[in-house]
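# An overview of the molecular structure
So you can see what is in the structure, the chains are spelled out below.
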Amino acid sequence: METDVARNLREVRSALPEGVRLVAISKFHPSECIMEAYDAGQRVFGESREQELAVKAKSLPKDIEWHFIGHLQTNKVKHIAPYIAMIEAVDSLKLLKEINRQAEANNRVIKVLLELHIAEEDTKYGLSLDDCRKMLEEGEWRALDHVCICGIMMMASNVDDEGQIRSEFSLAASFFDEVKQKYFADDDRFCERSWGMSHDYHVAVQCRSTMVRVGTAIFGEREY
Ligand SMILES: *Cc1c(COP(=O)(O)O)cnc(C)c1O
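Residues numbered from 1 in each chain as written. Predicted model: local features only at pLDDT ≥ 70, side-chain atom pairs only at ≥ 80, totals over all residues. Heavy atoms only, no water.

Looking at an unreviewed UniProt entry, one finds the protein named Pyridoxal phosphate homeostasis protein and attributed to Leyella lascolaii. Its UniProt record, at the heading Sequence similarities (unreviewed entry), says of the protein: "Belongs to the pyridoxal phosphate-binding protein YggS/PROSC family." Listed under Function (unreviewed entry) in UniProt, the entry text for the protein is "Pyridoxal 5'-phosphate (PLP)-binding protein, which is involved in PLP homeostasis." (UniProt positions renumbered as here; feature names shortened; annotations may be inferred.)

### A word on helix α6 (residues 129-138)
Structurally, the α-helix is built with 3.6 residues per turn, so residues lying three or four positions apart point the same way. Within α6, burial applies to L129, C132, M135 and L136. Buried positions in α6, seen along its axis, are confined to an arc of 130° and lie on one side of it. Turned more than 90 degrees from where α6 packs its buried face, D130, K134, E137 and E138 sit exposed. Where α6 is buried, its residues touch α5 (93-105), β5 (110-116) and α7 (162-183). Of the residues flanking the end of α6, it is G139, one or two places downstream, whose phi is positive at about 85°. (Buried < 20%, exposed > 50% of the residue type's maximum accessible area, 1.4 Å probe, protein only. Helix = DSSP H or I, 4+ residues; strand = E, 2+ residues; numbered from the N terminus. Arc of directions from axis to C-beta. Contact = heavy atoms within 4.5 Å.)

### Quick look at the UniProt feature "modified residue: N6-(pyridoxal phosphate)lysine" (unreviewed entry) in the protein
UniProt annotation of "modified residue: N6-(pyridoxal phosphate)lysine" (unreviewed entry) refers to K27 when read in the numbering used here. Locating K27 in the fold gives a position in the loop between β1 (21-25) and α2 (31-39). Judged by its relative accessible area of 18%, K27 falls in the buried class. Non-local contacts of K27, meaning those with residues more than four positions away in its chain, are made with G46, E47, S48, E52, K56, I69 and R222.

### Some words on the site of the ligand
Near the ligand you find I25, K27, I69, M153, M155, M197, S198, R213, V214, G215, T216 and R222, and these make up its full shell. The contact in question runs from a nitrogen atom of the ligand to an N or O atom on the side chain of R213, over 2.9 Å. The backbone of G215 places a nitrogen or oxygen atom 2.8 Å from an oxygen atom of the ligand. Relative to its free-state accessible area of 390 Å², the ligand is covered by the protein chains to the extent of 91%. Put simply, the ligand lies in the largest pocket. Looking at the shell around the ligand residue by residue, the classes come out as six nonpolar, three polar and three charged. (Near = heavy atom within 4 Å. Polar contact = N/O pair within 3.5 Å; in protein donor to acceptor, adjacent residues only side chain to side chain. Areas by Shrake-Rupley, 256 points an atom, 1.4 Å probe, with all protein chains shown as cover. 1 Å grid on protein atoms, 1.4 Å probe; cavity = no way out; pocket = protein on both sides within 12 Å on 5 of 7 lines; lining within 4 Å. Sits in = over half its atoms within 2 Å of the grid points. Nonpolar A, V, L, I, M, F, W, Y, C, P; charged D, E, K, R; others polar.)

### Quick notes on the layout of surface pockets
A probe as big as a water molecule, rolled over the atoms, marks out the empty space that is left. What the largest pocket holds in volume is close to 420 Å³. Looking at the largest pocket, it is lined by 21 residues, and the ones nearest its centre are K27, I69, G70, M155 and M197. A class-by-class count of the residues in the lining of the largest pocket yields eight nonpolar, eight polar and five charged. Each pocket or cavity is described by its volume, and for the second largest pocket that value is around 150 Å³. Taken together, V109, W141, R142, L144, D145, V147, C148, I149, F184, D187 and R189 form the lining of the second largest pocket. Across the lining of the second largest pocket, the residue classes tally to seven nonpolar, no polar and four charged. (Points joined across faces, edges and corners; volume = space filled by probe spheres on them.)

### What to know about unusual backbone geometry
In this model, F28 sits at a positive phi of 70°, which is unusual for a non-glycine residue. Topologically, F28 is positioned in the loop between β1 and α2. Backbone geometry places R208, a non-glycine residue, at a positive phi of 70°. Tracing the backbone shows R208 in the loop between α8 (201-206) and β8 (211-214).

Right, dumping it as structure tokens:
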């Protein structure tokens, strides 16, 4: 019989247009739930805490592609550098440099996204549009050969007003275009727009998201 997780996963997938990837956000959910999603074919999972991820990554199948989606302290980078597939929430040059250093130490190139702060809540991390422009303009990132900047990530405000959510996603999408044209026009790897969570991924995919990060709608409510 189909498990709840498998059914939820099927429903979320069926709502995604072709070409939009699903990152199943498994933070705070046990490995058994991840395996239910894995058995239903899901291979990309996102976690937000380094230690929790380390425990899960160690025991779960090696073909899982792990994305780090939380705020990452520089002193934690070395722990995930050997295996992380993508670090989605890079919000400073300092962090980018540390990822580069640890990737080099592991002989790899780590994919990253630049996290924008667009939502109205001031508790959320991320670069302001101006700080992101400034960092790209200053150009130090160009020398970092062991990170690959693959696009932009953001969260919309946690509100019911769909119009507001839509306008925040649209702002992120036009910012993506600006940056793509200015700095990554010849780089096909810069192609990801990571937005959309359980309550707003339907809107996100209408606003050019290429990657949605969905947790609750697949695994149920988290118990903190
Ligand atoms: C927890 C989290 C998600 C998933 O949120 P849901 O509402 O459970 O879908 C997505 N992105 C980030 C950055 C998160 O921290």
